[in-house]
Amino acid sequence: MRATSKAIPFSFHTSPKVQFLLFFPSLSPPLRLTSAASPFSSSSSSSQWLGFLRDAISTSDLMLGKCTHARILALEENPERFLVNNLISMYSKCGSLTYARRVFDKMPERDLVSWNSILAAYAQSSQGVVENIEEAFLLFRILRQDVVYTSRMTLSPMLKLCLHSGYVWASEAFHGYACKIGLDGDEFVAGALVNIYLKFGKVKEGKVLFEEMPYRDVVLWNLMLKAYLEMGFKEEAIDLSSAFHTSGLHPNEITLRLLARISGDDSEAGQVKSFENGNDASAVSEIISRNKRLSGYLHAGQYSALLKCFADMVESDLECDQVTFILVLATAVRLDSLALGQQVHCMALKLGLDLMLTVSNSLINMYCKLRKIGFARTVFNYMSERDLISWNSVIAGLAQSGLEVEAVCLFMQLLRCGLTPDQYTMTSVLKAASSLPEGLSLSKQVHVHAIKSNNVADSFVSTALIDAYSRNRCMKEAEALFGRNNFDLVAWNAMMSGYTQSHDGHKTLELFALMHKQGERSDDFTLATVLKTCGFLFAINQGKQVHAYAIKSGYNLDLWVSSGILDMYVKCGDMSAAQFAFDSIPVPDDVAWTTMISGCIENGEEERAFHVFSQMRLMGVLPDEFTIATLAKASSCLTALEQGRQIHANALKLNCTSDPFVGTSLVDMYAKCGSIDDAYCLFKRIEMMNITAWNAMLVGLAQHGEGKEALQLFKQMKSLGLKPDKVTFIGVLSACSHSGLVSEAYKYIRSMHREYGIKPEIEHYSCLADALGRAGLVKEAENLIDSMSMEASASMYRTLLAACRVQGDTETGKRVATKLLELEPLDSSAYVLLSNMYAAASKWDEMKLARTMMKGHKVKKDPGFSWIEVKNKIHLFVVDDRSNPQTELIYKKVKDMIRDIKQEGYVPETDFTLVDVEEEEKERALYYHSEKLAVAFGLLSSPPSTPIRVIKNLRVCGDCHNAMKYIAKVYDREIVLRDANRFHRFKDGICSCGDYW
């Protein structure tokens, strides 16, 4: 059972006892006060606490109860067991099952009272909540293992749970258990069992128990009489009424009504006559007058006056009729007051008015409107007579509560009962059906039924059909119905939403323009849908027009619309307009803040995203799971490990690391920030792993050169029954590529379609071509690209050209570069790779020609740079960089570094100096590459033994790669270097890539 505990705001209207407890010395952390410091002596503290708890129970003051609990924890080393039992009882009576269970779970020792208290708590919260009922049954089984005996106080809540569960077998099992322990003759237990059997329609079993009971009160007689009447056992009811007359018991109001029904005088005229015999004509006139007054108050919205008038009627013993109850139940709905509704329900039960159809229908409507569908179902199930209004109310309530399957099943039950549904039935069922996976088929069946019953022309039904077809992207069917409709805003909204969901946003905008041209007013849903469409289409001009219309019509202050405006600007990439829209929201909620943060990241402003997050926290808005996941993505984009760790800490504080979305984002963040060990540790702790989490870990391992571990993880995933998707195979093939596993790459790309029905796409072939290129099989890679049925991407040619440069295959490289430049003539990397390839082969003339071509096309080379994060600050370096304030120290450290690693055996690889100069000058040019400067700064600025993490925007050169191995070994440091292709993890003179990159 999951529950969310919220902070309780302090109010000056709080009771004095709560104020005393709140202003008592700090509760967090708890203070162990001496007797001198505490106003309660050790001898009397328990009774004091008990007094507070009883006050909390009598007033249903949960806040007082919580404060008392906190003080008990602060002042009592080991609270007495009876005090803890009272805590459970207090939380139960105050309606907080979650806290009651927490107290119970933390008890070191439990007695029968403890068990009875927690079972009573579950019984209190069981009506309409199946999970609580099942949990209580489980607790009872554990109780039977731990405790030798039970009492009637144990059976009391369990029998109540049986009644709420609707399980006949459970009731029979507890009946047997009561017989076994000798409690079947107990008046209370036997009475509860009689009630259960009768409610479940098992009149014979109830009668047997009833007759065996030594004493039977009026309530039990009423239950039996009512059961006989509802089941149609007229003769048995007459016999039982005769037995009641000889019992010597005094009948109450309910008994008299039941006896009147048995005698046959239950017609409307008979009821009026009976009423007038017992009351004078003035009383009848007074009830009619009061009901008219109640009706006037209801229509005028004067609810306080209505309730005062109703209270006067009750206090003056003026008997209320069904009209009175219908009006007061409608007031409970208007006030959103479940407590008032339940009090009126209890009065109706007491007076027997719940047997009246109109009152029962009002009760169902009240519970549905107050989001207590379980209670509504209970009233519906116990109705002896139902009309179409009864069925419609429950079906609508189920559909509105997200219980679509139950709504459709009840509709089918209605049809089996021979009732003819009306337009209201159809509307509710269509709403439910359209939300189900098989909703289209169900909607079509309801459509056919609407045609047969001549309801399809009704505006409500046709609008519901348009909505159902639009939700399932069947726009042709929706258009056919829409064309026959007069203007109905709900239908127009459904059509626009359907076009948007069907990726046909232009029609949404056309429909909105037509609606505007016809002078029809739109609402918040219309504007939110159109703004969403503008975002999808990147139609910023139309979006600005809708924004202007929202301001003109006053909808810009609506949170839903203002969030839509913000999201539209974000998707269109106009962050200045997005900021203006965000600042215009009076009180942004967590969705608006998260949209702004996400927009910064989508538009490459990751650092700004963290600034917005800081503002969000200062405003006191708590981030949700999506916010945390978005910020984790920002950290991975910036490769800001420390920022990512702070986001992880926030996730722990907010207790949302168990969310699969958050966990996956954090795994991805750690992997992309170079901390693959942290990523793997977090991955293993994710409880509910989906395919996305596995994919993030697979790709992370592949990028870090852990190919064998990635393939092992893939095998583990398959053994757990998880089906891989196309992203999974990108990770697997990438692992093969980075680890030189060419044959495995071929095997996996063949198995994709054969075993899993996944057709290889361009990304999968890119990984295979990369694997072939890295293995030196450039000709085979070229043949693979030429033989593909799909057109090769620029990235494939770029990868192959890089492989040609490494292998020194200038002929193949020239062909590949030509094809690459045909696709992307302004791609600087093609010219750079080509010139570097010629330079490595000492073909200086060809190199100069490639550089000349580059200048002729006015293509600029992306400068190479590296950066390192130290103490939450980014330090960036380029080759021969002298802009850093510590330049002198850095260059001195580089010289010392080169000296130390040369002594260890390092030899500069001057082949990577791509200029035609003397050997000595080539060596000097290698020393001050950006990655070496960044590592030198890391050695100067970070504590010994801590890893150094450097990021480079281009592929690391061979000499720097070789030097890093020696630096890691000589200085006993782990160096994680992320280049344009992958991660390199240098440790003890070895790189994780195995010198294969």
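Everything below is about the structure shown above.
My aim in this report is to walk through the structure given alongside it, one point at a time.

Procedures and definitions
Residues numbered from 1 in each chain as written. Predicted model: local features only at pLDDT ≥ 70, side-chain atom pairs only at ≥ 80, totals over all residues. Heavy atoms only, no water. Helix = DSSP H or I, 4+ residues; strand = E, 2+ residues; numbered from the N terminus. Buried < 20%, exposed > 50% of the residue type's maximum accessible area, 1.4 Å probe, protein only. Contact = heavy atoms within 4.5 Å. Areas by Shrake-Rupley, 256 points an atom, 1.4 Å probe, with all protein chains shown as cover. Pairing = 2+ DSSP bridges. Axes fitted to C-alpha atoms, helices over the stretch in contact; angles between N-to-C directions. Expected span 1.5 Å × (residues − 1). Arc of directions from axis to C-beta. Salt bridge = Lys/Arg side-chain N within 4 Å of Asp/Glu carboxyl O. Phe/Tyr/Trp six-rings, centres within 6.5 Å; stacked < 30°, edge-to-face > 60°. Lys NZ or Arg CZ within 6 Å of the ring centre and 35° of its normal. Parallel < 35°, antiparallel > 145°, perpendicular 65-115°, else oblique. Nonpolar A, V, L, I, M, F, W, Y, C, P; charged D, E, K, R; others polar. Left-handed = near helix turned anticlockwise from the far one by under 90°. Polar contact = N/O pair within 3.5 Å; in protein donor to acceptor, adjacent residues only side chain to side chain. Core = buried A, V, L, I, M, F, W, Y, C linked by side-chain atoms within 4.5 Å. Right-handed = clockwise from strand over helix to strand, strands pointing away.

The number of helices and strands found in the protein chain is 53 helices and 6 strands. Across the 997 residues in the protein chain, those meeting the buried criterion constitute 48%. Across the protein chain, the fraction of contacts at a sequence separation of at least 24, relative to all contacts at a separation of at least 6, is 63%. Surface summary for the protein chain: the accessible area is close to 49200 Å², and the carbon and sulfur share equals 53%.

Right, let's get into the sheet that holds strand β2 (residues 873-878). Paired through backbone hydrogen bonds, the strands of a sheet run either parallel or antiparallel to each other. Spatially, the 6 strands line up as an open sheet ordered β2-β1-β3-β4-β5-β6, and their pairing is mixed. Of all strands in the sheet, those bounded by a partner on one side alone are β2 and β6 (990-991). Relative to β6, strand β5 (residues 983-987) is paired through 2 bridges, and the arrangement is antiparallel. Residue Lys-987 lies in a different strand from β6, and its bridge partner there is Ile-990. Those strands touched by helix α52 (residues 930-941) are β1 (865-870), β2, β3 (948-952) and β4 (975-978), and its axis lies near 15° from that of β1.

Our focus in this paragraph is helix α35 (residues 606-618). Because the α-helix completes a turn every 3.6 residues, residues three or four places apart line up on one side. With 13 residues, α35 should reach 18 Å at 1.5 Å per residue; the first-to-last C-alpha distance of 19 Å fits that figure. Listed as buried for α35 are Glu-606, Ala-609, Phe-610, Val-612, Phe-613 and Met-616. Relative to the axis of α35, the buried residues are bounded by an arc of 160° and lie together on one face. Of the exposed residues in α35, those oriented more than 90 degrees away from the buried face are Glu-607 and Leu-618. If you follow the buried residues of α35, they end up packed against α34 (590-602), α36 (625-638) and α37 (641-653). Backbone geometry just downstream of α35 places Gly-620 in the positive-phi region, at approximately 80°.

Notably, His-503 is not glycine yet its phi reads approximately 60°, a positive angle. With respect to the secondary-structure elements, His-503 resides in the loop between α28 (489-501) and α29 (505-517). For His-503, a relative accessible area of 68% translates into the label exposed. Of note, Asp-988 is a non-glycine position whose phi angle comes to about 55°, a positive value.

On to helix α44 (residues 762-774), then. Given a rise of 1.5 Å per residue, 13 residues ought to cover 18 Å, and the 18 Å separating the end C-alpha atoms of α44 matches this to within 8%. Of all the 13 residues making up α44, 11 are buried; the element is thus mostly covered by neighbouring parts of the structure. Looking only at α44, the buried set comprises Ile-762, His-764, Ser-766, Cys-767, Leu-768, Ala-769, Asp-770, Ala-771, Leu-772, Gly-773 and Arg-774. Looking at the buried side of α44, the elements it contacts are α42 (726-739), α43 (742-756), α45 (778-787) and α46 (794-807). Just past α44, the residue Gly-776 takes up positive phi, approximately 85°.

This next bit is on the pattern of salt bridges. Here the structure, examined in full by the defined rule, presents 28 salt bridges. One salt bridge in this structure joins Asp-677 and Arg-985, with 2.5 Å as the shortest N-O distance. Taken together, the positions of Asp-677 in helix α39 (residues 676-685) and Arg-985 in strand β5 put the pair 308 residues apart, joining distant regions of the chain. Overall, the relative accessible area of 42% leaves Asp-677 in the partly exposed class. A salt bridge links Arg-815 to Glu-782, with the shortest nitrogen-to-oxygen separation between them at 3.0 Å. Note that Arg-815 is positioned in helix α47 (residues 810-823) and Glu-782 in helix α45, a separation of 33 residues in sequence. For Glu-782, a relative accessible area of 8% translates into the label buried. Three or more residues joined by partner-sharing salt bridges are found here, namely Lys-892, Asp-896, Arg-899 and Asp-900.

A word on the packing of aromatic side chains. One pass over the full model with this rule turns up 26 aromatic pairs. Summarising the aromatic geometry, the rings of Tyr-906 and Tyr-966 are spaced 6.1 Å apart at their centres and angled 65° between planes, so their arrangement reads as edge-to-face. A residue pair is termed long-range when its members are at least 10 positions apart, and Tyr-906 in the loop between α50 (887-904) and α51 (919-927) and Tyr-966 in helix α53 (residues 958-970) qualify at 60 residues. Members of the aromatic cluster, each reached through a chain of ring pairs, are Phe-137, Phe-140, Trp-169, Phe-174 and Tyr-177. Here the guanidinium or amino end of Lys-199 rests over the ring plane of Tyr-382, the centre of that ring lying 5.3 Å away.

Moving on, we come to the packing of α36 against helix α38 (residues 660-672). Remark: α36 packs on α38, axes separated minimally by 8 Å, with the N-to-C direction vectors making an angle of 10°. As the angle between them shows, α36 and α38 are arranged roughly parallel. Facing Glu-625, Phe-626, Ile-628, Ala-629, Ala-632, Ser-635 and Ser-636 of α36, the residues of α38 in contact are Phe-661, Val-662, Ser-665, Leu-666, Asp-668, Met-669 and Lys-672. Of the residues in the contact of α36 with α38, the class split is 8 nonpolar, 3 polar and 3 charged.

Bringing the environment of Val-806 into the picture now. Among the structural elements, Val-806 can be located in helix α46. Separated by 32 residues in the primary sequence, Val-806 and Arg-774 have C-alpha atoms spaced 8.4 Å apart.

This brings us to the packing of α45 against α46. At a minimum axis distance of 10 Å, the contact between α45 and α46 shows a crossing angle of 165°. Relative to α46, the element α45 lies roughly antiparallel. Here α45 runs over α46; the crossing is left-handed. Contacts from Val-778, Ala-781, Glu-782 and Ile-785 of α45 reach α46 at Met-796, Tyr-797, Leu-800, Ala-803, Cys-804 and Gln-807. Tallied by class, the residues present in the contact of α45 with α46 amount to 8 nonpolar, 1 polar and 1 charged.

Moving on: the side chain of His-764. Assignment of secondary structure puts His-764 in helix α44. Engagement of the side chain of His-764 in a polar contact is seen with the backbone nitrogen of Glu-761, the distance being 2.9 Å. Not counting chain neighbours up to four residues away, the residues in contact with His-764 comprise Lys-726, Phe-729, Ile-730, Leu-733, Ile-749 and Met-752.

Turning our eyes to something else, we now look at the nonpolar core. The nonpolar side chains of a soluble globular protein tend to be buried with one another. Core analysis: the biggest nonpolar cluster contains 187 residues, and Ile-364, Ile-466, Met-495, Ile-597, Val-667 and Met-697 have the highest contact counts within it. Among the elements that take part in this core, helix α48 (residues 828-840) stands out by supplying 8 residues, more than any other. Look past the residues within four positions of Met-697 in its chain and what remains in contact with it is Val-667, Ile-676, Ala-679, Tyr-680, Phe-683 and Leu-713. Within the second largest apolar cluster, 66 residues are counted, among which are Leu-87, Leu-97, Ile-133 and Leu-183.

So, about the pairing of β4. Looking at chain direction, β3 and β4 are connected through 4 bridges and run parallel. For Ile-948, the partnering residue across the bridge sits in β4 and is Ile-975. The parallel pair β3 and β4 is bridged by α53, and the resulting crossover is right-handed. The pairing of β4 with β5 spans 4 bridges and is classified as antiparallel. Looking at β5, one finds that Ile-975 is bridged to Phe-986. Here β4 folds back onto β5, and the loop between the two strands holds 4 residues.

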